[in-house]
Structures are given as C-alpha cells and as structure tokens.
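Structural overview for review
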Amino acid sequence: MDKSMLADLDSLPEADKQRMSVMIDQLQIRDSLRMYNSLVERCFNDCVDTFKHKSLQKQEETCVRRCAEKFLKHSMRVGMRFAELNQGAATQD
C-alpha cells in the first residue's frame, strides 16, 4: 500500500475504518483458507495412491509431510521476496 492510500485511510471516519479493517481481516482469512485448501489438494493428489486402508501408509505420510514442508517454505520465500520488493518500492517514493 503506498503512502497516498494510507493517507486516504486516515481521513476516513472511524466507522469506515472499522469496516475496512473487518474487510481486510476477511480477505486475509479467505486467502489463508485458499492456500490451505490448495496445499491439501496438491499434496493429497501427489501422495495418496490407494484407498485400501483407513489411514495413510508410511510412504504416503512421509510424502504428505515433505509436500507440505516444501509448499510452506515456498510460500514463506515468496512472501519474503514480496516484502523486499514492497520495501524497495516504498524507499523509492
């Protein structure tokens, strides 16, 4: 968010600020749920081969764990890179 947008938010009435805050929270929850669902779907499709047992086989469990770790590390790296780019853009203003 650039400085002019922050200034615009500061000029809003308190009730509007509250509504904006609620909307931002809802968007963050939605995005978190999307990421979680994407993680579950991807790792399940990549790792689960059969439905012969009620629980995951050791190989499937290991695969799911590795898949989740890779996904989360990648997401963290992308987030950090995005923050770096935003920081660089903010210092150029």
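Residues numbered from 1 in each chain as written. Predicted model: local features only at pLDDT ≥ 70, side-chain atom pairs only at ≥ 80, totals over all residues. Heavy atoms only, no water.

As named in an unreviewed UniProt entry, the chain is Mitochondrial import inner membrane translocase subunit, taken from Flemingia macrophylla. Database annotation for the chain, UniProt heading Subunit (unreviewed entry): "Heterohexamer; composed of 3 copies of TIM9 and 3 copies of TIM10, named soluble 70 kDa complex. The complex associates with the TIM22 component of the TIM22 complex. Interacts with multi-pass transmembrane proteins in transit." (UniProt positions renumbered as here; feature names shortened; annotations may be inferred.)

Turning to the pattern of salt bridges, a few remarks are in order. Applying the stated criterion to the full structure yields five salt bridges. Salt-bridge contacts for E61 lead to R65; the nearest nitrogen and oxygen are separated by 3.3 Å. Placement of the pair is E61 and R65 together in helix 3 (residues 58–92), with a separation of four residues, close to one helical turn. On the basis of relative accessibility, which here comes to 43%, the residue R65 falls in the partly exposed class. (Salt bridge = Lys/Arg side-chain N within 4 Å of Asp/Glu carboxyl O. Helix = DSSP H or I, 4+ residues; strand = E, 2+ residues; numbered from the N terminus. Buried < 20%, exposed > 50% of the residue type's maximum accessible area, 1.4 Å probe, protein only.)

Over its 34 residues, helix 2 (residues 14–47) runs 49 Å from end to end, which matches the ideal 50 Å to within 8%, given 1.5 Å per residue. The complete set of buried residues in helix 2 reads L39, C43 and C47. If you follow the buried residues of helix 2, they end up packed against helix 3. (Expected span 1.5 Å × (residues − 1). Contact = heavy atoms within 4.5 Å.)

On the surface, M20, M23 and I24 cluster together into a nonpolar patch covering about 240 Å² of accessible area. Checked against the element boundaries, M23 lands in helix 2. (Patch = residues over 30% accessible without salt bridge, like charges linked within 9 Å, V, L, I, M, F, W, Y side chains within 5 Å. Areas by Shrake-Rupley, 256 points an atom, 1.4 Å probe, with all protein chains shown as cover.)

Looking now at the packing of helix 2 against helix 3. Interaxial distance between helix 2 and helix 3 falls to 9 Å at its minimum, and their mutual angle equals 140°. Two packed elements cross with a definite hand, and for helix 2 against helix 3 that hand is right-handed. Of the residues in helix 3, those touching helix 2 at M35, S38, L39, C43, D46 and C47 are E60, C63, V64, C67, A68, F71, L72 and S75. Among the residues forming the contact of helix 2 with helix 3, the class breakdown is 10 nonpolar, two polar and two charged. (Axes fitted to C-alpha atoms, helices over the stretch in contact; angles between N-to-C directions. Left-handed = near helix turned anticlockwise from the far one by under 90°. Nonpolar A, V, L, I, M, F, W, Y, C, P; charged D, E, K, R; others polar.)

With that settled, the discussion passes to the packing of aromatic side chains. This model, assessed by the stated rule, comprises one aromatic pair. Considering the side-chain rings of F44 and F51, the 6.0 Å spacing of their centres and the 35° angle between planes classify their relative orientation as tilted. For F51, a relative accessible area of 68% puts it in the exposed group. (Phe/Tyr/Trp six-rings, centres within 6.5 Å; stacked < 30°, edge-to-face > 60°.)

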